[in-house]
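# Structural description and commentary
Spelled out, the chains give:
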Amino acid sequence: MSHPAHESALARSSRHSVLPSTGGRRRWRWAVVAAVLAGTLGVTPQAGATPPGAPAPSLGSNVIVFDPSMPTADIQATVDAIAAQQTSNEFGTARYALLFRPGTYGTPAQPLIIPVGYYTQVAGLGASPTDVTINGKVNVYNQCLAPDNCIALTNFWRSLSNLTIAVAGQSGCQSGTDFWAVSQAAPMRRVNITGGNLSLMDYCSAGPQYASGGFIADSAFSGGTVINGSQQQFLVRDSVLDGWTNGVWNQVFAGTVGAPPQSFPTPPYTTLPTDPVSREAPFLYVDDAGHYRVFVPDVRRQAVGTTWQNGPAAGHSLPLTDFYVATPAADAKDLNVALARGKNILFTPGIYHIDRTLQVKRPDTILLGLGMATLEAEQGVDILHVANVPGVEITGLIFDAGAQNSRVLLRVGDAHRGPHGHGHPGSDPSNPTLLADVFFRIGGPHVGKATVSLQVDADDVILDDIWAWRADHGSGVGWTSNTADTGVVVNGDRVTATGLFVEHYQKYDVIWNGEYGSTIMFQNEMPYDPPSQEAWRSGPVLGYAAYKVADHVRHHEAWGLGSYCYFNVDPTIHASRAFEVPVTADVTLHDILDLSITNHGTIDHVVNDYGPPTDANTTPNYVVSYPPLS
């Protein structure tokens, strides 16, 4: 992401933006609001909607379950109170999941407007997005750091999923549009928006209105267009569009009906007709008998469009009794005992202090986080190891480094390889492991240190919406404070990344050692804070590439890659290149770019020694294909 301190100088980069021209009940409502703000509200009463014999499970004090029989005004008061607490709570400890049972909420005359702040998940509890309808909006707006500095550049760590928004309510500039002005770690999944626009920027506040996202999957839009506006980059996959307004630097589409045609770099659209391999994230829902279950979608190959519009999604369902429902009071020993007993884990909202490594050893284990549940390393431990087993799915979790250095926060697979250096005995191409909406932080809330954030040693893994972030602002931030070499290391074969965001690491942000790897949409900023060129170099090479494919790799392909520099401690620093790959016929990059933000440093070449140096005007250097087409 781009830090607010320098964003006023980015105006030139957004020149392509396109914009569309009763007493007791009241007392109960405010009691609910007060309970929310005090952190004491448990699962909202179900108002008799839960069938006999199907009691609501205890999901913790910060999971709030709404029922369509509840008055809209009461729901509105609750979501407003949570948003008031969370809108500016960037590094706070509170986390919330706002869950909506099947049914309709709000009306066109009395719409429900849901503002979404930090660490807030808004999700429907239906089997399909069409089972829950919000007449109204679910909005994320700019944060105004000053009267003339309103931006979405730090709107991280929130999510929206599995419901329909029938756009209604509000007036003037905000009429007819749902606003999702977000940056990284703010996914939209399985959402159906009808009867209005979706704007990925907030164009109704004061300027400069910048945003740096973003990720949409398995979603459909009808009766309105998607307004990209100032969004620097975005990925939309396995979806259906009814219009898209514009591009800025790097807009990528895969398997999306109605996507703009391939035209990189004018405008900078990268469009793949299908998504080569995808697996949607598991999700919590309520079945027809009122029981809570988790649905696990199947893997898809060469997918086009959503999983749910032409009938029930393919996959299987698990009862909640198959899960250990964890609260932050659980320690690592409790979690490991549950895993050893064959349980999946549902992490309810909160911060979990992990003082011994969690061990996943069973195939098809599911770790599902609600409300941006956060696992924080204690005493320098690795937070999670996954053995060489297929079909493990991890979703909706933040991995936070602690003050004592961890070697790796999350490791998938182990270092054992086959007799020729490739292949794991536990991999299964038909049942790939999935990491979806998994986010890593080194610093920000506090000092954090980790040599590597994510290491993938297993074969056949999908990385779907990953943000690995060495903090550029917050607490514990500095070149010798929040130390971290590399964000993502891929050693396994047949690993696919869709939406890979890796920023500010002190050496290579990404190192790819495995064969037959692929990436669809990569976003990167180099570290802001090298103190000098001497402190940031690799032998004769100045700095480190953002995305390095190892010299021995013979098969790799990637689409829609962007890397930016903003060296604000020493603007004279150079990076020799943004991307570094072996020159061989089956290692190919498509639609790549680099740029220097407001002349803060220089990237000398786009890929290897190819492409010109960045200029002083935040102008992207584009390379359509590498190796260059003859």
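Up top is the structure these notes are about.
As the structure is a prediction and not an experimental result, all values here were calculated from the model.

Quick look at the sheet that holds strand β10 (residues 177-179) now. Judged by pairing direction, the sheet is parallel, and its three strands sit side by side in the order β10-β12-β15 without closing on themselves. Two strands close off the open sheet at either side, each with one partner strand: β10 and β15 (226-227). Across two bridges, strand β12 (residues 197-199) lies against β15 in parallel orientation. Paired with S199 across the two strands is I227, which belongs to β15.

Once that is clear, we can look at the pattern of salt bridges. Pairing between side chains becomes possible if they bear opposite charge and their charged atoms approach one another. For the structure shown, the criterion picks out 21 salt bridges. Here D551 makes a salt bridge to K548, at a shortest N to O gap of 3.6 Å. Of the residues examined, K548 reaches a relative accessible area of 12% and is grouped as buried. Residue K548 pairs with E580 through a salt bridge whose shortest N-O separation is 2.7 Å. You can see K548 sitting in strand β41 (residues 547-549) and its partner E580 sitting in strand β44 (residues 579-580), a full 32 residues away along the chain. The burial state of K548 is the same as that of E580; both residues are buried. Connected through shared salt-bridge partners, R189, R237, D238, D275, E280, R300, D437 and D464 make up one network.

If you trace the backbone, N62 turns up in the loop between α1 (23-38) and β1 (63-66). Of the residues examined, N62 reaches a relative accessible area of 14% and is grouped as buried. Once the C-alpha coordinates of N62 and L370 are considered, the two residues, 308 residues apart in sequence, prove to be 9.5 Å apart. Polar contacts involving the side chain of N62 include one to the side chain of S61, which spans 3.2 Å.

Here we take up unusual backbone geometry. Residue P208 follows G207 across a cis peptide bond; omega there is 5°. In this fold, P208 is placed in the loop between β12 and β13 (215-217). Of the consecutive residues F264 and P265, the connecting peptide bond is found in the cis state with omega at 10°. Looking at the element boundaries, P265 is found in the loop between β17 (250-254) and β18 (269-272). Its identity is not glycine, yet Q209 carries a phi of approximately 70°, on the positive side. Note that Q209 resides in the loop between β12 and β13. By relative accessible area, Q209 is classed as buried at 14%. You will see that D364, though not glycine, has its phi angle at about 70°, which is positive.

A few words now on the state of the cysteines. Under the defined criterion, the tally for this structure stands at two disulfides. What pairs with C144 in a disulfide is C150, and their sulfur atoms sit 2.0 Å apart. Between C144 and C150, the S-S dihedral sits near 110°, and the bridge is therefore right-handed. Using a relative accessible area of 1% as the deciding quantity, one classes C150 as buried. Residue C173 pairs covalently with C204 via a disulfide, S to S 2.1 Å. Taking the sign of the S-S torsion, -90° for the link of C173 and C204, the bridge is left-handed.

Spatial strand order, β27-β29-β31-β33-β35-β37-β41-β44: eight strands in an open sheet with parallel pairing. Each edge of the open sheet carries a strand with a single partner, namely β27 (358-360) and β44. Pairing between β41 and β44: two bridges, direction parallel. When the bridges of β44 are listed, K548 appears paired with E580.

About the cut-offs
Residues numbered from 1 in each chain as written. Predicted model: local features only at pLDDT ≥ 70, side-chain atom pairs only at ≥ 80, totals over all residues. Heavy atoms only, no water. Pairing = 2+ DSSP bridges. Helix = DSSP H or I, 4+ residues; strand = E, 2+ residues; numbered from the N terminus. Salt bridge = Lys/Arg side-chain N within 4 Å of Asp/Glu carboxyl O. Buried < 20%, exposed > 50% of the residue type's maximum accessible area, 1.4 Å probe, protein only. Polar contact = N/O pair within 3.5 Å; in protein donor to acceptor, adjacent residues only side chain to side chain. Disulfide = S-S within 2.5 Å.

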